[in-house]
Amino acid sequence: MLHFPDINTVGFQLGPITIHWYGLLEIISFVIATVWLIRRGRMAHWNWRKEQVVDLEFYVAVGAILGGRVGYVLWYNLPYYLTNPVKMLAIWDGGMSFHGGLLGVVIACWAFARLHQQHAFLPTLDFIAPAVPIGLGLGRLANFINDQLFGRVSDLPWAMVFPAGGPQPRQPSQLYEFLLEGVLLLLILTVYSRKARPAGAVGGMFVLFYGIFRFLVEYTRQPDIQLGFVFGPYTMGQVLSVPMIILGPLVIWWAYKGGFAESPKTTLAADN
């Protein structure tokens, strides 16, 4: 049995300005992802300019925040927010859904492709997908530092006593997610996307493997207190991941069948 390390949740403080580790790691992940995508954009089969990457990252950040909040309100605590509608805007109080954030990112990429027209929608998703695990991984580390989203009670040797989780040792599920949704998913997508793939294939790989990893980790994660188990022994995270596990292989198969082939006009615009 391990004990939760004594970590100061404040990552940076300068006078009256205080930034907690969660916010600091999100900023760091955004910077790392942007720099990494700029470098990847120079590869011949991607062909993204630095200005386009920066614009896309802005769209994605807005989509992830709005989608994540809306998803949390709808799927995780709707009765509370219906009686306290003003609290829907209180993002600083916490409450974000990855699955909602993913939908927000998809919509953001669609809007980017529609308004800018240099890159088509699905190739835009394929381009951004390998960078998402950077934010996911560092976000899970921030959850660990903040003593939140810990796992279920366990007697494993590496089970940990979390201050907010009571006296019983629990699974460090945040670290499992860091390794699976962060490190391993980043490795899979980076290797797979080094070569040109059919439009939609990289995005399909992300959807498939994130769905699998999240579904498995949820077996160790403590269910949300306001929801508990929502479908037999399954959590809301698992219920929302099942469509991803089904959709991912279908998208990959359809991509290799040529179902997402871009029109010549769109392809020409992407090459400029």
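In short, a report on the structure. (Residues numbered from 1 in each chain as written. Predicted model: local features only at pLDDT ≥ 70, side-chain atom pairs only at ≥ 80, totals over all residues. Heavy atoms only, no water.)

Points about the packing of aromatic side chains
Our working definition: Pairing of aromatic side chains here covers Phe, Tyr and the six-membered ring of Trp, requires ring centres within 6.5 Å, and sorts the geometry by plane angle: under 30 degrees stacked, over 60 edge-to-face, intermediate tilted. Strands here mean DSSP runs of E at least two residues long; helices mean DSSP runs of H or I at least four residues long; both are numbered from the N terminus. Throughout this description, buried means an accessible area under 20% of the type-specific maximum (1.4 Å probe, protein chains only), exposed means over 50%, and partly exposed covers the range between.
Counted according to the given criterion, the structure contains 19 aromatic pairs. The interplanar angle of 20° and the centroid separation of 5.8 Å between the aromatic rings of Trp-48 and Phe-112 together place this pair among those described as stacked. Placement of Trp-48 in the loop between helix H1 (21-41) and helix H2 (50-76) and of Phe-112 in helix H4 (residues 98-116) is noted, with a sequence separation of 64 residues between them. Classification of Phe-112 as buried rests on a relative accessible area of 1%. Each ring, one from Phe-209 and one from Phe-213, has its centre 6.0 Å from the other, and the planes form 45°; the classification is tilted. Of this pair, Phe-209 and Phe-213 are both found in helix H8 (residues 201-217), four residues apart, which corresponds to roughly one turn of the helix. Overall, the relative accessible area of 8% leaves Phe-213 in the buried class. Through a chain of ring-to-ring contacts, the aromatic side chains of Trp-46, Trp-48, Phe-58, Tyr-59, Phe-112 and Phe-127 assemble into a single cluster.

Some thoughts on the packing of H1 against helix H6 (residues 132-145)
What counts, and what does not: Whenever a helix is involved, its axis is fitted only over the stretch in contact; in every case the axis is a line through C-alpha atoms, and angles between N-to-C directions fall within 0 to 180 degrees. We call two directions roughly parallel when the angle between them is under 35 degrees, roughly antiparallel when it is over 145, roughly perpendicular when it lies between 65 and 115, and oblique otherwise. The sense of a crossing depends on the near helix, which, turned anticlockwise from the far helix by less than a right angle, makes the crossing left-handed and, turned clockwise, makes it right-handed. Any pair of residues with heavy atoms lying within 4.5 Å of one another is described as a contacting pair. In the scheme used here, Gly and all other residues not listed as nonpolar or charged are polar, with Ala, Val, Leu, Ile, Met, Phe, Trp, Tyr, Cys and Pro taken as nonpolar and Asp, Glu, Lys and Arg as charged.
Contact pair H1 / H6: the axes reach a minimum separation of 9 Å and the direction vectors enclose 165°. Between H1 and H6, the interaxial angle falls into the category roughly antiparallel. Handedness of the H1/H6 crossing: right-handed. The segment H1 lies against H6, with Trp-21, Tyr-22, Leu-25, Glu-26, Ile-28, Ser-29, Ile-32, Ala-33 and Trp-36 engaging Ile-134, Gly-135, Leu-138, Gly-139, Leu-141, Ala-142, Asn-143 and Ile-145. Counted by class, the contact of H1 with H6 contains 12 nonpolar, four polar and one charged residues.

Focus on the side chain of His-99
How we decide: For the purposes of these results, a polar contact is taken to be a pair of N or O atoms within 3.5 Å, where, inside protein, one atom must be able to donate a hydrogen and its partner to accept one; residues adjacent in sequence count only when each atom of the pair is a side-chain atom.
Mapped onto the secondary structure, His-99 falls in helix H4. Note on His-99: relative accessible area 6%, which makes it buried. At 3.2 Å, the side chain of His-99 forms a polar contact with the side chain of Ser-241. The contacts of His-99, once residues within four sequence positions are left out, are Trp-75, Tyr-210, Arg-214, Gly-237, Leu-240, Ser-241 and Met-244.

Function cannot be inferred from these measures alone, as they are strictly geometric.
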